[in-house]
Amino acid sequence: MSQDKTIKSALISVYYKDQLEPIIRKLHALNVTLYSTGGTQTFIENLGIPVVAVDSVTSYPEIFGGRVKTLHPAIFGGILNRRDNPGDQKEKETHAIPDIDLVIVDLYPFEETVASGATHQDIIEKIDIGGISLIRAAAKNYNDVIIVSSRHDYSELQSLLDTKNGKSTLEDRALFAAKAFATSSHYDTAIFNYFNQTAGLPRFKQSLQQGQTLRYGENPHQKGVFYGDLNAMFDKLNGKELSYNNLLDVDAAVNLISDFNDTPTFAILKHNNACGVASRPTIAAAYRDALAGDPVSAFGGILIANRSIDMETATEVNKLFCEVVIAPAYEADALELLKSKPNRIILVQKPVKLGATTFRTLLNGVIEQDKDLKTESTTDLSVVTQTAPTAQETEDLLFANKLVKHTKSNTIVLAKNGQLLASGTGQTSRVDALKQAIGKALSFGFDLKGSVMASDAFFPFPDCVELAHKAGITAVIQPGGSIKDKDSIEYCNTNGVSMVFTGTRHFKH
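Please read all numbers here as calculations on a predicted model, not as lab measurements. (Residues numbered from 1 in each chain as written. Predicted model: local features only at pLDDT ≥ 70, side-chain atom pairs only at ≥ 80, totals over all residues. Heavy atoms only, no water.)

## Comments concerning the overall build of the chain
Here's step 1: Check the secondary structure of the chain and you find 19 helices and 23 strands.
Here's step 2: Scaling as 2.2 N^0.38, a compact globule of 509 residues should have a C-alpha radius of gyration of about 23 Å, whereas the chain reaches 31 Å, well beyond that.
Here's step 3: Projected onto the principal axes, the alpha-carbon positions of the chain cover approximately 95 × 50 × 40 Å.
Here's step 4: Put simply, the chain has 509 residues, and 47% of those count as buried.
Here's step 5: Pairs at least 24 apart in sequence give 56% of the contacts found in the chain among residues at least 6 apart.
Here's step 6: Total accessible area on the chain stands at roughly 24,700 Å², and carbon and sulfur atoms take up 53% of it.
Here's step 7: On the chain, the mean spot of the 51 positive side-chain charges and the mean spot of the 58 negative ones are 3 Å from each other. (Helix = DSSP H or I, 4+ residues; strand = E, 2+ residues; numbered from the N terminus. Rg over C-alpha atoms; globule rule 2.2 N^0.38 Å. Buried < 20%, exposed > 50% of the residue type's maximum accessible area, 1.4 Å probe, protein only. Contact = heavy atoms within 4.5 Å. Areas by Shrake-Rupley, 256 points an atom, 1.4 Å probe, with all protein chains shown as cover. Lys, Arg positive; Asp, Glu negative; His and termini not counted. Charge placed at Lys NZ, Arg CZ, Asp CG, Glu CD.)

Below, the structure written as structure tokens:
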């Protein structure tokens, strides 16, 4: 028996009716019998196209304010009966159940309703019952039925109708079924996650409906896919497609710059770590001083600004080979200059609220945690030394502490006058991180006298404050909490170094 099927009847019941008219007209032209309910039925009738009301098939009206419409054996029997099963066909004839060969149905906008800030009762009313049941039934019987579960699949259905005149192959139907189960599982995940905000069940459920195949993963021999909607976050104005490694760096850049709002700030990142950051009165000055922090590592880096990029800034940026430039806006002439490098990726960052949790695969499961959204202010600082930091030192301490939060542990950050001088990143020893930072700062000609030091975790010994003091560093910020805190405090008191505790560790692995 041929696995090709011809559509002779269709059930259409949708929330969103845009782009539906051409499909209805094509189905009518193919002499397909249409069944519908409620608003969709009215929509079809207004097109002047005959439609059979579902309640005339079920001999039962819609009840409970439309909560029950299609939940009836006459409808589900028409979808689920197996056309090649003699027993099913005999029962179908006995109960006068009409075949339904095509189901076009979408779901109430549950996620959109939650996002709108609607009341709990309004949200509950947007939990679809009939639609989700129709989707699962039609997808289960894909051997005989086509299921279109989203308006995003209308164009694919339209193409099938136009090119095959209402016929479909088993492969066509299986593809629509797979999309339908993706729709239903995503919908149920959204509902569960809404309820679990209160229930707090230890369950991990995530669903992302969009995916983008990348050129490769972290290395050319690895496959890579990004799941999510990049277009919701960025307008891409120029350049090649973002790679796996680009995306990691862009994520790190976006998270870092989110902690800098008050002053024009420019950051340059490489391998997820900042190699240059500066806050200045203008974005051009911020870029120049960010670049000065490490002009070597900046080559091929990711650049991000928290202010519009003007021509002065673009002129300087254009001298550097960089993979990606991100900003909230670009002046017209600046954009044209930056676009002169065809492969340079230029992104406009949109004001999108990001999630408050992070997760990653680990061993044979997934580990999840709250995102580190703590950003210290002056009220979080506890002066633990006899000497208190000056106003400028306090400002630099808070600046450096923001950078520590976004740098791979173990890390030490050195800063002065709103500029990253150097950092020691991803070291197994905090002493090694400090030595790396000092050596790097000196190699680029920075004078560390009067600079400050930030650490992502406490000092178990006084060796770090001693090394810092001897290098010219005059103020230190760290979480505190070591049983030997007093040793570091005593060294600072003896040598006139100020130190503050925040009480918050900022490990990043």
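## Focus on the pairing of strand 5 (residues 102-105)
Within a regular strand, the side chains alternate between the two sheet faces.
Here's step 1: On strand 5, burial covers both faces: Leu-102 and Ile-104 on one face and Val-103 and Val-105 on the other are all buried.
Here's step 2: Judged from the 4 bridges that link them, strand 2 (residues 9-13) and strand 5 form a sheet pairing that is parallel. Within strand 5, the position partnered with Ile-12 by the bridge is Ile-104.
Here's step 3: For strand 5 and strand 6 (residues 146-148), the ladder comprises 3 bridges, and the chain directions are parallel. Bridge pairing in strand 6 places Ile-104 opposite Val-148. (Pairing = 2+ DSSP bridges.)

## Side note on the sheet that holds strand 5
Backbone-to-backbone hydrogen bonds pair the strands of a sheet. The strands run either parallel or antiparallel.
Here's step 1: Strand order in this open sheet of 5 strands is 4-3-2-5-6, and the pairing throughout is parallel. Either end of the sheet is taken by a strand with one partner, and the two such strands are strand 4 (52-53) and strand 6.

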